[in-house]
Amino acid sequence: MQSLPIDGLFYIGLGAIFVVTTLLGFGIKRWTKQGLLGFYTLLATSLGLFFWLLLWFQEATRATFMGTIPWVLNLFFGTVLYLIFIGVSFLLLRRKHQRT
């Protein structure tokens, strides 16, 4: 059985963080009717999980002897994806629901 490479697991973990924190943020928004509270919840939980994922990735790449350039590129692309996720989440959660 072939296992996934470490960088593949990194991006799967990043996607899992996006899904879990999005559900949490939108659930808080729906429950409290306050978009910014949902965004702050999403930001706090996703930031904590993202830092945990970065620490895991550092230890996992150290164990598999991944080169420096691929490691830096994966961290860079992961951070860019995370910042895009935060920006889109902020725009979606601050939006007021207008009834016509």
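Since we're looking at a predicted model, the values are computed, not measured.

Student: Which parts of the structure should I look at to understand the nonpolar core?
Tutor: Soluble, globular proteins show a tendency: their nonpolar side chains are buried together. One finds Tyr82, Phe85 and Ile86 to be the most contacted residues of the largest nonpolar core, which totals 17 residues. Counting only elements with at least two residues in this core, the list comes to α1 (6-32), α2 (35-64) and α3 (68-94). With 7 residues, the single largest contributor to this core is α2. Beyond its immediate sequence surroundings of up to four residues, Tyr82 is in contact with Phe18, Leu43, Ser46, Leu47 and Phe50.

Student: What exactly am I supposed to notice about α1 here?
Tutor: For an α-helix, the turn length of 3.6 residues means that residues three or four places apart are oriented alike. With 27 residues, α1 should cover 39 Å at 1.5 Å per step; its first-to-last C-alpha distance of 38 Å lies within 8% of that length. Three or more residues of α1 are buried, namely Ile6, Phe10, Gly13, Leu14, Ile17, Phe18, Thr21, Gly25 and Ile28. Just downstream of α1, Lys33 is the residue with a positive phi angle, here 65 degrees.

Student: Explain the packing of α1 against α3 here, please?
Tutor: For any two helices packed against each other, the geometry comes down to the angle between their axes and how far apart the axes lie. At a minimum axis distance of 11 Å, the contact between α1 and α3 shows a crossing angle of 15 degrees. Between α1 and α3, the interaxial angle falls into the category roughly parallel. Here the hand of the crossing between α1 and α3 comes out right-handed. Of the residues in α3, those touching α1 at Asp7, Phe10, Tyr11, Leu14, Phe18, Thr21, Thr22, Gly25, Phe26 and Lys29 are Leu73, Asn74, Phe77, Gly78, Leu81, Tyr82, Phe85, Leu92 and Leu93.

Criteria and thresholds
- Residues numbered from 1 in each chain as written.
- Predicted model: local features only at pLDDT ≥ 70, side-chain atom pairs only at ≥ 80, totals over all residues.
- Heavy atoms only, no water.
- Core = buried A, V, L, I, M, F, W, Y, C linked by side-chain atoms within 4.5 Å.
- Buried < 20%, exposed > 50% of the residue type's maximum accessible area, 1.4 Å probe, protein only.
- Helix = DSSP H or I, 4+ residues; strand = E, 2+ residues; numbered from the N terminus.
- Contact = heavy atoms within 4.5 Å.
- Expected span 1.5 Å × (residues − 1).
- Axes fitted to C-alpha atoms, helices over the stretch in contact; angles between N-to-C directions.
- Parallel < 35°, antiparallel > 145°, perpendicular 65-115°, else oblique.
- Left-handed = near helix turned anticlockwise from the far one by under 90°.

Interpretation in functional terms is not warranted from these geometric data alone.
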